[in-house]
Amino acid sequence: MTIHVNIAEAKAKLSSLVKASLRGEDVVIDRDGKPQVRLMPVPEARTIDREERRRKLEELLARMDTIPDREDWEDPLQWDEDGLPI
């Protein structure tokens, strides 16, 4: 079921409209009889447990060791004291 309300009514009944939206009802706010906004629940944030975060961090750190240092790069450009190419 879709609930249509005008803006003035939505201001007065915002908390009940939010509750209706959280229950799964379609809430649409109209202006001059034309739909303008749809209230939708925000999806729950995905929680990552501590062990999964630690595993991902260790994977990133392991990959960082494979990146060559800047001193090892063969750079065909010459650079001035401000770090700009010459």
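Residues numbered from 1 in each chain as written. Predicted model: local features only at pLDDT ≥ 70, side-chain atom pairs only at ≥ 80, totals over all residues. Heavy atoms only, no water.

With that settled, the discussion passes to the pattern of salt bridges. In the structure shown here, the tally under the stated rule is five salt bridges. In this structure, the salt-bridge partner of Arg-55 is Glu-59, at a minimum N-O distance of 2.8 Å. Within this pair, Arg-55 and its partner Glu-59 are both found in helix 3 (residues 50–64), separated by four residues, close to a single helical turn. (Salt bridge = Lys/Arg side-chain N within 4 Å of Asp/Glu carboxyl O. Helix = DSSP H or I, 4+ residues; strand = E, 2+ residues; numbered from the N terminus.)

Turning to helix 2 (residues 14–22), its buried residues are Leu-17, Ala-20 and Ser-21. What you see down the axis of helix 2 is that its buried residues fit within an arc of 100 degrees, all on one side. The outward face of helix 2, more than 90 degrees from its buried face, is lined by the exposed residues Ser-15, Lys-19 and Leu-22. Considering only its buried residues, helix 2 is in contact with strand 1 (2–6), helix 1 (7–12), strand 2 (26–31) and strand 3 (34–39). Downstream of helix 2 by one or two residues, Gly-24 has phi in the positive range, about 105 degrees. (Buried < 20%, exposed > 50% of the residue type's maximum accessible area, 1.4 Å probe, protein only. Arc of directions from axis to C-beta. Contact = heavy atoms within 4.5 Å.)

All right, on to the sheet that holds strand 1 then. Pairing within the open sheet is mixed, and its three strands lie in the order 1-2-3. Across the chains shown, the open sheet's two edge strands, defined by having one partner strand only, are strand 1 and strand 3. The average undirected angle you get between the axes of adjacent strands in this sheet is 35 degrees. In the sheet, strand 2 pairs with strand 3 via five bridges, with the strands oriented antiparallel. Note that in strand 3 the partner of Val-28 across the bridge is Arg-38. (Pairing = 2+ DSSP bridges. Axes fitted to C-alpha atoms, helices over the stretch in contact; angles between N-to-C directions.)

Below, the discussion takes up the pairing of strand 1. Of the two faces of strand 1, the one lined by Ile-3 and Val-5 is fully buried and the one lined by Thr-2, His-4 and Asn-6 carries no buried residue. Alignment of strand 1 against strand 2, held across five bridges, turns out to be parallel. Across the sheet, Ile-3 pairs through a bridge with Val-27, a residue of strand 2.

This brings us to the side chain of Asp-30. In this fold, Asp-30 is placed in strand 2. With no salt bridge to any partner, buried Asp-30 finds its closest opposite charge in Arg-38, at an N-O distance of 8.6 Å. Polar contacts involving the side chain of Asp-30 include one to the side chain of His-4, which spans 3.2 Å. Those residues within four positions of Asp-30 in sequence are excluded, and the remaining contacts are His-4, Val-5, Asn-6, Ile-7, Pro-35 and Gln-36. (Lys, Arg positive; Asp, Glu negative; His and termini not counted. Polar contact = N/O pair within 3.5 Å; in protein donor to acceptor, adjacent residues only side chain to side chain.)

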